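Letter by letter, the chains look like this.
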Amino acid sequence: MAGFVGVFLTVVLTVVCVLVEGNYMVYDTAQGVVPGKLNVHLVPHTHDDVGWLKTVDQYYVGSNNSIQVACVQNVLDSLIPALLADKNRKFIYVEQAFFQRWWRRQSEATKKTVQILVSTGQLELINGGMCMHDEAATHYIDMIDQTTLGHRYIKQQFNVTPRIGWQIDPFGHSAVQAYLLGAEVGFDALFFARIDYQDRAKRRDEKKLEFIWQGSKTQGSSSQIFAGAFYAGNYEPPTGFYYEINDESSPVVQDDINLFDYNVQERVDAFVAAALSQANVTRSNHIMWTMGTDFKYQYAETWFRNMDKLIHYVNRDGRVNALYSTPSIYTDTKHALNEAWPLKSDDFFPYADRINAYWTGYFTSRPAIKGYVRTLSGYYLAARQLELFKGRNKSGPTTESLADALAIAQHHDAVTGTEKQHVANDYAKRLSIGYKESEDVVAAAFGCMTQSSSFSECKNPPTKFTQCPLLNISYCPATDVDISQGKKLAVLVYNSLGWKRTSVVRIPVINENVTVSDSTGKVILSQIIPIVNASIANRKFYATAYTGESTSADPMYWLAFTAEVPPLGFSTYVIASASASIKPRSYTFGGAQNSSDVEIGSGNLKLIYSGNDGTLTQYINSRSSVNMSLEQSYTYYAGEATGTDQASGAYVFRPNGTSEVQPEEKFPLRVFKGPLYDEVHQMINSWIYQITRVYKEKEHVEVEFTVGPIPIDDEVGKEIVTQIKSNIGNNKTFYTDSNGRDFLERIRDYRADWDLEVNQPIAGNYYPINLGIYIKDKNTELSVLVDRSVGGSSITDGEVEIMLHRRLLYDDGRGVDESLNETVCVLDKCSGLTVQGKYYLRFDPLGEGSKWRRSFGQEIYSPFLLAFTEQDDKWTNFAIPTFSAMDSSYSLPDNVAILTLQELEDGTVLLRLVHLYEDGEDKDLSVMATVELKKVFPNKKINKIKEMSLSANQEREEMVRKRLSWKVEGSKTKQDNDLRGGPVNPVKLTVELAPMEIRTFIIDFNTKLVQY
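For the structure given in this document, a descriptive report is provided here.

Analysis parameters
- Residues numbered from 1 in each chain as written.
- Predicted model: local features only at pLDDT ≥ 70, side-chain atom pairs only at ≥ 80, totals over all residues.
- Heavy atoms only, no water.
- Helix = DSSP H or I, 4+ residues; strand = E, 2+ residues; numbered from the N terminus.
- Rg over C-alpha atoms; globule rule 2.2 N^0.38 Å.
- Contact = heavy atoms within 4.5 Å.
- Areas by Shrake-Rupley, 256 points an atom, 1.4 Å probe, with all protein chains shown as cover.
- Lys, Arg positive; Asp, Glu negative; His and termini not counted.
- Charge placed at Lys NZ, Arg CZ, Asp CG, Glu CD.
- Salt bridge = Lys/Arg side-chain N within 4 Å of Asp/Glu carboxyl O.
- Buried < 20%, exposed > 50% of the residue type's maximum accessible area, 1.4 Å probe, protein only.
- Core = buried A, V, L, I, M, F, W, Y, C linked by side-chain atoms within 4.5 Å.
- Pairing = 2+ DSSP bridges.
- Axes fitted to C-alpha atoms, helices over the stretch in contact; angles between N-to-C directions.
- Disulfide = S-S within 2.5 Å.
- Polar contact = N/O pair within 3.5 Å; in protein donor to acceptor, adjacent residues only side chain to side chain.
- Expected span 1.5 Å × (residues − 1).
- Arc of directions from axis to C-beta.
- Parallel < 35°, antiparallel > 145°, perpendicular 65-115°, else oblique.
- Left-handed = near helix turned anticlockwise from the far one by under 90°.
- Nonpolar A, V, L, I, M, F, W, Y, C, P; charged D, E, K, R; others polar.

Topic: the overall build of the protein
Tallying secondary structure elements over the protein gives 18 helices and 51 strands in all. Relative to the globule expectation of 31 Å for 1012 residues, the C-alpha radius of gyration of the protein, 30 Å, shows essentially globular dimensions. Along the three orthogonal principal directions, the C-alpha set of the protein runs to about 100 × 70 × 60 Å. Across the protein, contacts joining residues at least 24 apart in sequence account for 76% of those joining residues at least 6 apart. When the accessible area of the protein is evaluated, it comes to approximately 36,400 Å², of which 48% is carbon and sulfur surface. Looking at charge distribution, the protein has the averaged site of its 102 positive side-chain charges lying 5 Å from that of its 122 negative ones.

Thoughts on the pattern of salt bridges
Opposite charge on two side chains permits them to pair, given that their charged atoms come into close proximity. Applying the stated criterion to the full structure yields 56 salt bridges. Measuring nitrogen to oxygen at the nearest pair gives 2.7 Å for the salt bridge that ties R194 to D169. Here R194, found in the loop between strand 7 (189-192) and helix 8 (197-206), pairs with D169, found in the loop between strand 6 (164-167) and helix 7 (175-179); they are 25 residues apart in sequence, far enough to count as distant. Accessibility classification places R194 together with D169 in one group, the buried group. Residue D346 pairs with K344 through a salt bridge whose shortest N-O separation is 2.8 Å. Judged by relative accessible area, K344 falls into the buried class, the value being 3%.

A few points about the nonpolar core
One recurring pattern in soluble globular proteins: nonpolar side chains tend to sit buried together. Of all hydrophobic cores here, the largest spans 137 residues; its most connected members are F271, W289 and F304. Setting aside chain neighbours within four positions, we find F304 in contact with P44, L79, A82, L83, R89, K90, F91, Y297 and Y324.

Topic: the sheet that holds strand 30 (residues 688-695)
On the basis of which strands lie adjacent, the open sheet formed by ten strands has the order 21-28-29-30-31-42-37-36-33-34 and antiparallel pairing. Two strands in the sheet have a free side with no partner beyond their single neighbour: strand 21 (585-589) and strand 34 (743-747). Adjacent strand axes in the sheet meet at a mean angle of 20° when their direction is disregarded. Taken together, the seven bridges between strand 37 (residues 780-786) and strand 42 (residues 835-845) define a ladder with antiparallel strand orientation. Considered in strand 42, the bridge of L782 is made with F843.

Re the state of the cysteines
Going through the model one piece at a time under the given rule, you end up with two disulfides. With a sulfur-sulfur separation of 1.9 Å, C825 is cross-linked through a disulfide to C830. Classification of the bridge connecting C825 and C830 rests on its S-S torsion, roughly 110°, and on that basis the disulfide is right-handed. Here C825 falls in the partly exposed class, since its relative accessible area comes to 46%. For the unlinked cysteine C71, the closest cysteine sulfur is that of C131, found at 20 Å. With relative accessibility at 6%, the residue C71 sits in the buried group. The class for C131 is buried, based on a relative accessible area of 1%.

What to know about the environment of Y735
Position of Y735 relative to the elements: it lies in strand 33 (residues 733-737). In this structure Y735 comes out as buried when scored by relative accessible area, which is 13%. Note: C-alpha distance between Y735 and I747 (twelve residues apart in sequence) is 8.5 Å. Among all residues touching Y735, those that are not within four sequence positions of it are F743, L744, E745, G772, I773, Y774 and K776. Reaching out from Y735, the side chain makes a polar contact with the side chain of E745 at a distance of 3.4 Å.

Thoughts on the pairing of strand 23 (residues 605-609)
Burial of strand 23 is extensive: four of the five residues sit out of reach of the surface. Relative to strand 23, strand 22 (residues 598-600) is paired through three bridges, and the arrangement is antiparallel. From the neighbouring strand, V598 faces strand 23, where its bridge partner is Y609. As consecutive antiparallel partners, strand 22 and strand 23 are separated by four residues, and within that stretch G601 has a phi angle of approximately 115°, a positive value. Pairing of strand 23 with strand 24 (residues 616-621), which is carried by five bridges, proceeds in the antiparallel orientation. Following the sheet pairing, L605 is matched in strand 24 by N621. A loop of six residues connects strand 23 with strand 24, the two strands running antiparallel in sequence, and G614 in this loop sits at a positive phi of about 75°.

Brief notes about the side chain of T29
Along the chain, T29 falls in the loop between strand 2 (23-27) and strand 3 (39-44). Residue T29 is classed as buried on the basis of its relative accessible area of 3%. Polar contacts involving the side chain of T29 include one to the side chain of D86, which spans 2.5 Å.

Considerations on the side chain of R693
Secondary-structure assignment places R693 in strand 30. Note on R693: relative accessible area 1%, which makes it buried. Separated by 2.8 Å, the side chains of R693 and E679 make a polar contact. Beyond its immediate chain neighbours, meaning those up to four positions away, R693 contacts R506, Y677, D678, E679, H700, V701, E702, E704 and K838.

So, helix 9 (residues 264-279)
The end-to-end C-alpha distance of helix 9, which contains 16 residues, comes to 22 Å, matching closely the 22 Å that a straight helix rising 1.5 Å per residue would cover. Within the span of helix 9, buried status applies to V264, R267, V268, F271, V272, A274, A275, Q278 and A279. Buried positions in helix 9, seen along its axis, are confined to an arc of 165° and lie on one side of it. Those residues of helix 9 that are buried are in contact with strand 3, strand 10 (286-291), helix 10 (300-317) and strand 11 (321-324).

Description of helix 10
The end-to-end C-alpha separation of helix 10 is 26 Å, in line with the 26 Å expected for 18 residues at 1.5 Å each. Where burial is concerned, most of helix 10 is hidden: 15 out of the 18 residues are buried. Just downstream of helix 10, G318 is the residue with a positive phi angle, here 95°.

Things to note about the sheet that holds strand 25 (residues 626-629)
Strand pairing within a sheet occurs via backbone hydrogen bonds; the two strands may be parallel or antiparallel. Spatial strand order, 22-23-24-25: four strands in an open sheet with antiparallel pairing. Here the strands that pair on one side only, and so sit at the sheet edges, are strand 22 and strand 25. Averaged over all neighbouring strand pairs, the angle between strand axes comes to 20°, with direction disregarded.

Points about the packing of helix 6 (residues 140-158) against helix 12 (residues 367-390)
Helix 12 packs onto helix 6 with a crossing angle of 60° between their chain directions and a minimal axis gap of 10 Å. Judged on the interaxial angle alone, helix 12 and helix 6 are oblique. Viewed along their axes, helix 6 and helix 12 form a crossing whose handedness is left-handed. Along the contact surface, helix 6 presents I141, D142 and D145, while helix 12 presents V373, S377, Y380, L381 and R384. Of the residues assigned to the contact of helix 6 with helix 12, the class counts are four nonpolar, one polar and three charged.

Details of the pairing of strand 32 (residues 718-725)
Buried residues dominate strand 32, accounting for seven of its eight residues. Examined bridge by bridge, strand 26 (residues 631-639) and strand 32 share eight bridges and lie antiparallel to one another. Bridge pairing in strand 32 links E631 to K725. Inspection of the sheet shows strand 32 paired to strand 39 (residues 799-807) by eight bridges, in the antiparallel sense. Residue pairing across strands places T722 opposite I802, the latter belonging to strand 39.

Next up, the structure:
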């Protein structure tokens, strides 16, 4: 390939010559925009899924073609000579996960050629993330991270910054994508394909497929971006203009009159007709044709040859003007018109592509991998901090493999759960490998940080720390220490948040009689609770599935204690044997007529369970004077089967009836009460087990659910939901988050942009949830927070509903060609997937719930990171038993969090700070906040600090200067509301953050002065 490309480097033709009528024909492809004519912008592209039917690597190398014939390597190999053949040809490429695989294997000559193509605009790298991430099941931190990974690589290799968002395949579009991953990364426009079929019909009628999208209420006009929804609802060429090699669906342009089937005029007429049809629903005299689709341009010349001919003959015809273009050229042309555009706010969820086909099932599909992604996302945030504190080891291990795995997992057929099972396994494998390498980074950091204050020079720490990725199912070999034999177990608790945190830590132990001491040697309060049989059975099955071998030790107890940990720091605790321990008061309640009610909770919060049937009835908070009726139950929707107009599947939620989950027999309520927390165990049925916890020092309810294997013996697929019922009168209105960021108002059976025709009253009211959902009336708010992406709604007033798990028996006809029937096999036993997770609920007086949603939401995303090391009876303590990277007198303001703290390849540090509150969300915290960098980094001297765009690929000042400004119809936009923090104070080194603001910095420290 290098030699072939080199030939074309010497002679770059501006036209293409082929034999026509026995003579060489010169095609004129140089035409640009023609004022006064309808201009058809031909945008050659390929859409390359970073995993879907095949794994990412199978797609790249072109293997496993019995599933799908696709080879991205062929696309990129054939693209370069095709572009070199004519300088007017253009192409856009999106997925950096593929491009970087290809780029690493190219010769220097080829790289120089491609760099020239990029610099001249023939090859444009747009969107620029590692993948085209989903917009429903992704958290905004993950969206930022994967975009940054791609954008910085493009900057390093080509010195360009992507200008265009190209989210053409995700199944609905979020407000956060528009303003955060659009305007805040410097994009001038955002294009996509999938919006609701009813919305599309109205926008076509009113010529509103292109508009200005203001995704943020708080950030006003600065959050606006030009957006376009594609004319046909897909990202393919118009019918009849599809030119993949060996494809028979479209006629090629045959222009040799000496051969049969000459069709130039026919193809020109068809081109003009298709162009005029699209122009009739598009504002201005410019339209875009997306010339490509999934994994096309395997042999790029077949496309370009036909487009060359179309451009030549269409322009000779003269009725319309055709030209090679890119989304950037198209955007600049639209901007130059200086016209006003309609305004769009909120988002494009939920999405239905036709009647009865709401793509709201994938909000919950594959809940285990959704939980795994979220868990590792928070872990990655903490691991990068620790990698910085110790010093990045360029020879490894590093956090890079986890970064890459998490980036790929944000793809719109990855975390969504809409991939084939073998592909889901591949994503999980990559995440596991990435975790393992990052686990080594974390362990090495802890080993060094506990031994010496100059730990950045530490190479081989004597203390080896172990972590437990399966702690959620009580599998933790590091804690399987028989303390009665004189050994001790040291526990290090790391807090990645920027403020001091106090929470209960729970670890499985063998011994019942233990004590817990803090770093000063003081014995602190602890609590022992037995691990119930249902949990032990899950642990044995899934630990064996994970490790590949039967587990040896069987911890029988949960040990709980309260950890107090400084910001960006750790505390250490020692577990040793004792003559006795504080055991919970426990009793079993079977339910009987006229029995007394059961009260749970020893602090401000109390839950009341009925003495007659053991059901939850009441929530009482003595501090806030909230006293609310509260019920909680499980229900399943039967998934619509194949043979109907639409089955329920990985993408689509199509319920066919509702059934409340009834206990299979009368199971007792088992209650444990202790000094730190109370918990209630309920066997709902043989495949749903629930533990409800109320902590003495907290004012929320924690619900841990175990769902599965979902039975399918009746040949009915099931979609499991939990329903939380109260007497709040929310009048059809509820609020869900956008990618964990802004909360958007939802109204049942209503869309702000069109008159909704209701055909699916349940599925059509489901929305994605990444942080939480809440309802409110004039007095009270009910908030529910989640630990992973789920779908949810308020189908009935006073009620919040969350879908927890799905097991379905039919494919829904959207391409994956596989039912969503996850199974796990251990030895010779296979069963349906069991999912364990948590959600949290709380009532607050009206206007006070946001404090909990925002602060505790951060704790859910960034839980304590635990590490363990076994010591003998002579051991006393670590040299450094406690640590905080921040000044001991300082913590971040309550409304600010650290999103990113990471050492980059060149030794500089990437820092992102985020204001957690929207404008007007909280009377105390929706205000300007100030961060003192000197106290965040007390042991470092800041030499230089640069504020960057969100994806850290250009200075923010330059980004703002370059971004296009658009006119908006009417006066709805808040042109005057662009409150942002001022420049960094160069002396005090203080950073201001306005509500909802994220600020990104690259900091150069003088590391020779002091170390952590």
